[in-house]
Amino acid sequence: MNRHLTLKQFRYFLAVAESDSVAAASRMLNIAQSAITKSVLELEDTVGLTLFERSPKGMRLTPEGHRFLVKARRVIGAVAEATRGTREGAAPLAGSLSIGVTSLVAGYYLSEVFARFRRTCPAVEVQVVEDQPPFLEHLLINGELDIAIMVSNALGEPQALTAETLTRSPNRVWMAADHPLAAQEEVSLAEIAAQDLVVLQADRIEVLMRSVWARHQLKPRTLLRTSSLEAVRSLVGVGAGLAVLPDFLYRPWTLDAEHVEVRTLRDAVPTVDVGLVWRRGSQPRAEVLEFIEVARDQSRSRRPAA
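Read on for an overview of the structure. (Residues numbered from 1 in each chain as written. Predicted model: local features only at pLDDT ≥ 70, side-chain atom pairs only at ≥ 80, totals over all residues. Heavy atoms only, no water.)

A large share of strand β13 (residues 272-279) lies buried, amounting to seven of its eight residues. One ladder, built from four bridges, connects strand β5 (residues 147-151) with β13; its direction is antiparallel. Residue pairing in the sheet places I149 in a bridge with L276 of β13. Where strand β6 (residues 161-169) and β13 come together, eight bridges link them in antiparallel fashion. By the bridge assignment, E164 is partnered in β13 with L276. (Buried < 20%, exposed > 50% of the residue type's maximum accessible area, 1.4 Å probe, protein only. Helix = DSSP H or I, 4+ residues; strand = E, 2+ residues; numbered from the N terminus. Pairing = 2+ DSSP bridges.)

Below, the structure is given as structure tokens:
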């Protein structure tokens, strides 16, 4: 019997993938767990792939599952784009748009938003500037950039900028699969501070965590500070140290095929918010407003719907 993929299967798959649990997906969607389990099994059967590793701790994406996740988000995003409709009787947008982005965020949020905007507004000339957060803020305030996609809850000049959060990513602790703390479901900041730490110096993520350590009166032992995410992942994978990083950066495998585990933090830690940032008080042109709408749609398409 030939089976066809359904939007419901994509949405249920996304809910499980982003919550690591059928039970959590069930609560998120207000759908029976049995219905979600059946849908995911049918999806795996149809595509001929094992998308999840099942364990008493929950559902983790396999390497094939991670690749399918990218495709599923594109499908849901395309549906959202198609149902937005067009401005009836309006002429196609033209003009220009300058977008700022940090290198860390670019790899995870820019490509899909950029592609959708180009399809929606092919006549708009787009320029993308990649730089560090302080310089992007400088360009926004001076009117040299129209908008930026960046970590939006660690701005250096918040009084001069408007920020709209697209996604909030919780921080979790990364560790090697055979690390002693991997036997625990949750890990405290005090336990982490007693271990060597690999720190990512990018997009002010270290600044957010520095305030957390100070608030808890902890001084973690820092093995290395680096701007390379792959260096962090590799060192964690071989057991050299732990890292505390937002979920949007997590991948379960290093370049050398070492497995990286994640555990929930027992203590409250602020999320890392990625969002749109533009100059406070400015009147965004039509091209900028359209980009904001496309980014909002893209953000909604990443959140599973019932």
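Past the structure itself, the notes keep going.
It is worth spelling out the sheet that holds strand β7 (residues 171-176) at this point. The strand order β8-β12-β7-β11 describes an open sheet built from four strands, whose pairing is mixed. Strand pairing shows two members of the sheet lacking a second neighbour, β8 (186-187) and β11 (243-246), which therefore form its edges. Two strands pair when backbone bridges link them, and β8 and strand β12 (residues 260-265) are joined in this way by two bridges, in the parallel orientation. Residue E186 lies in a different strand from β12, and its bridge partner there is T264. Strands β7, β11 and β12 of the sheet are contacted by helix α9 (residues 229-237), whose axis makes an angle of about 55° with β7. (Contact = heavy atoms within 4.5 Å. Axes fitted to C-alpha atoms, helices over the stretch in contact; angles between N-to-C directions.)

A few words now on the pattern of salt bridges. For the structure shown, the criterion picks out 17 salt bridges. R67 is the salt-bridge partner of E64, the closest N and O atoms lying 3.9 Å from each other. Here the residue E64 and the residue R67 both occupy positions in helix α4 (residues 63-84), the gap between them amounting to three residues, near one helical turn. A salt bridge links R285 to D146, with the nearest nitrogen and oxygen atoms 3.0 Å apart. (Salt bridge = Lys/Arg side-chain N within 4 Å of Asp/Glu carboxyl O.)

Another aspect to go through is the sheet that holds β5. One key point about sheets: their strands pair by backbone hydrogen bonds, in either a parallel or an antiparallel sense. Read from one edge of the open sheet, five strands run β4-β3-β5-β13-β6, paired in mixed fashion. What marks the edges here is a single partner per strand, and that holds for β4 (125-130) and β6. Across the sheet, the mean angle from the axis of one strand to that of its neighbour is 20°, orientation sign disregarded. The sheet strands contacting helix α5 (residues 103-120) are β3 (96-101), β4, β5, β6 and β13, and the helix crosses β4 at an angle near 175°.

The subject of this paragraph is the nonpolar core. Membership of the largest hydrophobic core comes to 45 residues, with the highest contact counts inside it found for W174, L200, L245, L249, L276 and F291. Among the elements that line this core, the one with the most residues is α5, at eight residues. Ranked by size, the runner-up nonpolar core spans 21 residues in total, among them I36, M59, A72 and I76. (Core = buried A, V, L, I, M, F, W, Y, C linked by side-chain atoms within 4.5 Å.)

We now examine the environment of P270. Assignment of secondary structure puts P270 in the loop between β12 and β13. On the basis of relative accessibility, which here comes to 36%, the residue P270 falls in the partly exposed class. For the pair P270 and S211, spaced 59 residues apart in sequence, the C-alpha to C-alpha distance is 9.9 Å. Setting aside anything within four residues of it in sequence, one finds P270 in contact with N171, V212 and R215.

Right, let's get into the environment of R300. With respect to the secondary-structure elements, R300 resides in helix α10 (residues 286-302). Taking the C-alpha atoms as reference points, R300 and T167, 133 residues apart in sequence, are found 9.1 Å from one another.

Note on aromatic pairs: each is described by the distance of the centres and the angle between the planes. Per the stated rule, a full pass over the model turns up seven aromatic pairs. Their ring planes at 75° and their centres at 5.7 Å tell us that W174 and Y250 sit as a pair that is edge-to-face. A residue pair is termed long-range when its members are at least 10 positions apart, and W174 in strand β7 and Y250 in the loop between β11 and β12 qualify at 76 residues. In this pair, the class of W174 matches that of Y250, namely buried. Taken together, the ring pairs in this structure connect F10, F13, F52 and F68 into an aromatic cluster. (Phe/Tyr/Trp six-rings, centres within 6.5 Å; stacked < 30°, edge-to-face > 60°.)

Attention now moves to helix α3 (residues 33-47). With 15 residues, α3 extends 21 Å between its outermost C-alpha atoms, agreeing within 8% with the 21 Å of an ideal straight helix rising 1.5 Å per residue. Following α3 by one or two positions, G48 has its phi on the positive side, about 70°. (Expected span 1.5 Å × (residues − 1).)

To continue, consider the side chain of E287. With respect to the helices and strands, E287 occurs in helix α10. In this structure the side chain of E287 is engaged in a polar contact, spanning 3.5 Å, whose partner is the backbone nitrogen of S96. In this structure E287 touches L93, A94, G95, S96, L97, F117 and V124, once residues within four positions along its chain are discounted. (Polar contact = N/O pair within 3.5 Å; in protein donor to acceptor, adjacent residues only side chain to side chain.)

Read these as spatial facts, not as claims about activity.
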